[in-house]
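Single-letter residue listing:
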Amino acid sequence: MMDANGNRGGTSAAAVTALNVQAELFGTNDVVVKYVLEGHDRGVNWAAFHPTLPLLASAADDRQVKLWRMSETKAWEVDTLRGHANNVSCCLFHPKQELVVSNSEDRSIRVWDVSKRVGVQTFRREGDRFWILAAHRSQNLLAAGHDSGMIVFKLERERPASAHGPGDKLYYVRGRELFCHDYSRATGGSSGVDVPIASLRRVGQQAQTDGIGSGPRFLSYNMHNPTEGNILVCSEVDGGCYELITFSLTNAGGSVTDGKRGSCLGPGVFLGRNRFAVLDRHKREIVVKNLNNETTKRVSAPVPNVDCLYDGGASGRIILRADDRAVLFEVQSRRVIGELTAPKIKNIVWSPDGSKVALLCKYGVVIANRQLEQLCSISDTVRIKSGAWDVSPTGGTNSNLFVYTTLHHVKYCLPTGDTGTIRTLDNPIYATRVVKDSLFCLDREARSRVISIDTTEARFKLALANKKYGQVMHMVKHSRLCGRAIVAYLQSKGFPEVALHFVRDPQTRFRLALACGNIEAAMESAFSLEQQQGAADGKSRDVWGELGSEALRQGNHQVVEMSYQRKKDFDRLSFLYMLTGDTEKLRKMLKISNMRNDIMGRYHNALLLGDAAERVAVLEASGNLPLAYISAKLHGLDEVAERIKVAIETQEGSVDGLMEKIPVGTKKGGRLLQPPTPIVRANNWPTLEIKKTTLEDLSAADVGDEYQEEAHAAVAADTGASAGAAAWDDDFGMEDAGVGGGEDFDLGDDDDMGWGDDLDGLGDIGGDEVKTEQVDDMAAFNEISGDIGFQMPPAGRPPAGCWVANSSHAADHMAAGGASSAMQLLHRQIAASDFSNLKGSMLGCYLGSTVSLPGVPGSGSMIVPLMRNDAGGHPGNDSLPRTSSTIRSLVSGVRMGYKYFQTGKFTEAKNAFAEVLSQIPLTVTDNRSQTNEIKEMLEICREYITAIRLKEAITAAGADPVRSTELSAYFTHCNLQPVHLLLALRSAMGTAFKHKNFIVAASFARRLLELPDMRSERNADLRMKATKVLQKSEQMARNEHTLNYKENAAFSIDCKDFVPVYTGEECVKCSYCGSAYKGSSMKGQVCVTDGFCTVGLETIGLVTGK
């Protein structure tokens, strides 16, 4: 050890050698040896000083790290750290903790506790030897060089464990102390007051040391218990453990109950007031315990590979992390409520009202609702550190604005998927709370801090998404919103008129003005661009061209004229004057083209003006004398023609045969073209109406929540009623109902006998509005004065609109062309989901509701609606369409199915009944008897389709005597016509008797003999066979096989598996046809019988009338 002050120590041989060495190193003798530390057996590779204490650490080839202490007069060895298996190449003191870090050629890095002189952690890297170490001065980072390169690492995680408490409280751990931070007691620039709760004990094998990684990792507070405070402190020591701390909420620091401990994997979660759940780290089971740390229940995880539990947002619910999934699980009922994909979940943050949850992943954020249905997902290129929901009481951002932090930025995310950056950070922080423009957080030393943020952009986007246009315009006028990003955002959302308030650049304003149709703003920007770029510049001409196109689209021909003049587009300008009937300006265009020596321009203007003499002059001036001669002759300009003839002959030409080429007097011959005479001369055309949005029309804009609250507070102060009276007013809302502020409520005129049916406010479901007075449709014509001109009468209501408004039947909506509303009605009423089988019937409704009549020659056909309620005259707005499917057609289809079934054509019969099933939902009935008839046909189709499918199954199971007998028995329990039931019983009797199931055969024979048709002479042979079968079966009186069939028990048939569903057994049914399915396996699947309805959904059922 050298002393730079020049003080000499002893004069031993070692000192002399050291002097020689220092002379070689420094080239001077000003640095001398102060101490010589002897203790290593082999060469020393590294020595490092403690940053504050008089300590020295050395590493040598004797595989040891030695600690030395110094004083003003001497230095001595304190202790030796042993554990490396090879040469120790480097060592250093940790800049923030009392640790020594060393690396070695044994491919390991070891961490030693300076105070305890023991190793607390070891890192290994297979295949590479470590040579050198370096520590960051301010951050918890270490770097180690090895054979293949370098690694940078941390000794432990720096995220402080924290959890939100009730109200404005935050619980967190700093060192070995549990603190409660009260935000409500903030003063000055501080974020609040820290109140110590309890000291945490060291756990695990390193209980006697402050080992690396032994600190708490997770905190969970019991929000379900309002009487006392319960906190689960979880750590990852020894595979995972927890400690339950209970304390009084009134005196948090003075009455702490000794913690109860146990093992777990990951964080623990409180399920209720006196229950919490942890994950068993061995079996991966959910273990439910009470506050006495006693196990009350064990629940198997619904999915494999569960490795972490999180709060589920409600009592009894938890979120399970399994691989890249998050599963919302209800422990009591053991059912999965929701599931979504979220890779590498690190934390979960619930909104204050519990309506949304943010899943913080390693490189992204997923926001979902309380049922874990995803609302949006964002990704980032930097690791997500923390996040917090906005809890501002005003502004509408509560539970709708999520602020998260990365390594160097604070960003925000909205449930709509919009994101943005708020500010940059010098050091990482961990967000805990957001109130307006203040972000409360913890730093890596677990110190509470508050930093200022600007959430104006986020609040602006949120107000725009929620259509709070009053708040949007207030922010536009009073906030400093700018930048290309906000302009591009407004354009993408369809609000270019709002972006005009932010932009001052003429080019950008011009684009935005065109996008929203603001011709005045576009003209102003165009003039500014013209001044900047020059009138002759090509870009300026392009600007005027775009403005002219937009003005032409709106019908503003005055702006179009000015644009063409600025652009010097003479051809389009001439054509515009011709369309507007402005012949004077068209003659000026002719003079301009003459001055410009524009031959084609002169000819076009002469053609548009109908000036034949000018056209002849243009042709003559351009050297086209033959054409000039023909034109002059055709238009009767004989003198000019003679002059041109002389000119042609002078040039050794001839006019002979020129007129023969023109078929004079026919349609192909030449004739004079005259410009159209304008009917009305006006300053401008009726321009296309550009509707103003709510953002532009500030008088109609809604005032945002932030600005309504003051008004609500003033109204509440004026009313001044008691709290109880205010509550009653909120419940009844008499003023909103139109009663008024008086106390004398006259209720005697109502006929509902006091039963409020709440049917007065159902105007939004399609019913007719209440007619307050008779409106005279022709009254408007009496008010037209002579100087106003003609006014179009108001348009009537189209028939399709009346049909949709007057009916809730899917057929009427389909007839009106509303396929989407018709399918939505069918889905709501009968749970229809597969519309491929209904396509033909739906198209029939649409095509059969109108008729096309040919018009006069040259005009299109006329579409005439067909109505079913126009027998006594035109129904007006109460009209309803005529549908193609009727009761008569359904009866015909059922009869056709009977015919095919009787003759054994089962495939054709099944198709016929299925066709009737697809037509019934689109058939409208007129009275109750027709409704009952159509429902009876629905049951008939279901029974016969089931019977036909059973017959097909019997044929397929012919080799199996048991199954064929069972299916034959089920076949006889279908509700068929007597003549068809006779055939089914005869077949079943023969099948049962053939397979020696005599008990069942006898029952079939009895039922067959009891049928009325068996008494007729034509069934005499069958009656005799049935009698013999009955006698033989009664003699044998045994079944050869055990059948799943109870003759005397009432049951329905499972339409999928063809098994009996007895009374009381669990089953699901189709809400349309009523087909039953045993168990719940078919729930949510398409019904097998009808082929288009979902099984197991509870709906209103078939709607048959309007």
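Residues numbered from 1 in each chain as written. Predicted model: local features only at pLDDT ≥ 70, side-chain atom pairs only at ≥ 80, totals over all residues. Heavy atoms only, no water.

Asker: Would you mind going over the overall build of the protein with me for this structure?
Answerer: Scanning the protein for helices and strands turns up 29 helices and 46 strands. Buried positions account for 43% of the 1106 residues belonging to the protein. For the protein, contacts bridging at least 24 residues in sequence account for 47% of all contacts bridging at least 6. When the accessible surface of the protein is totalled, it reaches about 59,800 Å², and 49% of it is carbon and sulfur. (Helix = DSSP H or I, 4+ residues; strand = E, 2+ residues; numbered from the N terminus. Buried < 20%, exposed > 50% of the residue type's maximum accessible area, 1.4 Å probe, protein only. Contact = heavy atoms within 4.5 Å. Areas by Shrake-Rupley, 256 points an atom, 1.4 Å probe, with all protein chains shown as cover.)

Asker: So what exactly am I meant to see when it comes to the pairing of strand β33 (residues 374-379) here?
Answerer: The side chains of a regular strand alternate, residue by residue, between the two faces of the sheet. By the bridge criterion, five bridges tie strand β32 (residues 364-369) to β33 in an arrangement that is antiparallel. Within β33, the residue paired with Ile 367 across the bridge is Cys 376. What sits between β32 and β33 in their antiparallel hairpin is a turn of four residues, with Leu 372 showing a positive phi close to 60 degrees. (Pairing = 2+ DSSP bridges.)

Asker: Would you explain the nonpolar core in this entry?
Answerer: Ranked by internal contacts, the top residues of the largest apolar core, which has 80 residues, are Phe 913, Phe 1004, Leu 1008 and Tyr 1072. Dropping the residues within four chain positions of it, Phe 1004 is found in contact with Ala 969, Thr 972, Leu 985, Ala 988, Met 989, Ala 992 and Tyr 1045. The next biggest cluster of nonpolar side chains, apart from the first, holds 26 residues, and it includes Leu 514, Ile 519, Val 543 and Trp 544. (Core = buried A, V, L, I, M, F, W, Y, C linked by side-chain atoms within 4.5 Å.)

Asker: Before we go on, may I ask you to explain the packing of aromatic side chains in this structure?
Answerer: Where two aromatic rings form a pair, the distance of their centres and the angle of their planes describe that pair. Across all of its chains, the model carries 20 aromatic pairs by this definition. Ring plane angle 65 degrees and centroid distance 5.0 Å describe the contact between Tyr 183 and Phe 440, whose orientation is recorded as edge-to-face. You can see Tyr 183 sitting in the loop between β16 (177-182) and β17 (193-199) and its partner Phe 440 sitting in strand β39 (residues 438-442), a full 257 residues away along the chain. This pair shows no difference in class: Tyr 183 is buried, exactly as Phe 440 is. Their ring planes at 90 degrees and their centres at 6.3 Å tell us that Tyr 1045 and Phe 1051 sit as a pair that is edge-to-face. (Phe/Tyr/Trp six-rings, centres within 6.5 Å; stacked < 30°, edge-to-face > 60°.)

Asker: For this particular structure, what's the right way to read the sheet that holds strand β15 (residues 169-174)?
Answerer: Within a sheet, neighbouring strands are paired by backbone hydrogen bonds and run either parallel or antiparallel to one another. Strand order in the open sheet made by the four strands is β14-β15-β16-β17, with antiparallel pairing throughout. Each having just a single partner strand, β14 (162-164) and β17 make up the two edges of the open sheet. Looking at each pair of strands side by side, their axes are set apart by 20 degrees on average, direction ignored. Strand direction decides the pairing type here: β14 and β15, joined by three bridges, are antiparallel. If you follow Ala 163 over to β15, its bridge partner there is Tyr 171. (Axes fitted to C-alpha atoms, helices over the stretch in contact; angles between N-to-C directions.)

Asker: What is the right way to read a negative patch on the surface from this model?
Answerer: A surface patch of negative charge is lined by Asp 638, Glu 639, Glu 642, Glu 649, Asp 656 and Glu 660. Mapped onto the elements of the fold, Asp 656 is located in the loop between α15 (638-650) and α16 (705-719). Exposure remark for Asp 656: the relative accessible area of 66% places this residue in the exposed category. (Patch = residues over 30% accessible without salt bridge, like charges linked within 9 Å, V, L, I, M, F, W, Y side chains within 5 Å. Salt bridge = Lys/Arg side-chain N within 4 Å of Asp/Glu carboxyl O. Lys, Arg positive; Asp, Glu negative; His and termini not counted. Charge placed at Lys NZ, Arg CZ, Asp CG, Glu CD.)

Asker: I keep staring at the packing of helix α24 (residues 906-919) against helix α25 (residues 928-956) and nothing clicks. Help me out?
Answerer: Between two packed helices, what matters for the description is the angle formed by their axes and the separation of those axes. Contact geometry for α24 and α25: axes closest at 9 Å, N-to-C directions at 150 degrees. By the angle between their directions, the pair α24 and α25 is classed as roughly antiparallel. Handedness of the crossing formed by α24 with α25: left-handed. Residues Phe 906, Ala 909, Lys 910, Phe 913, Ala 914, Val 916 and Leu 917 of α24 form the contact with α25, whose participating residues are Leu 938, Ile 940, Cys 941, Tyr 944, Ile 945, Ile 948, Arg 949, Lys 951 and Glu 952. Per-class residue counts for the contact of α24 with α25 are twelve nonpolar, no polar and four charged. (Parallel < 35°, antiparallel > 145°, perpendicular 65-115°, else oblique. Left-handed = near helix turned anticlockwise from the far one by under 90°. Nonpolar A, V, L, I, M, F, W, Y, C, P; charged D, E, K, R; others polar.)

Asker: How should I be thinking about the sheet that holds strand β3 (residues 44-49) in this particular structure?
Answerer: Ordered in space as β3-β4-β5-β6, the four strands form an open sheet in which the pairing is antiparallel. Lying at the two open borders of the sheet, with one neighbouring strand each, are β3 and β6 (75-82). Between one strand axis and the next, the sheet turns by 25 degrees as a mean value, whatever way the strands run. With five bridges connecting them, β3 and strand β4 (residues 55-60) associate as antiparallel partners. By the bridge assignment for β4, Ala 48 is matched with Ala 57.

Honestly, that's just the spatial picture; any functional story needs more than this.
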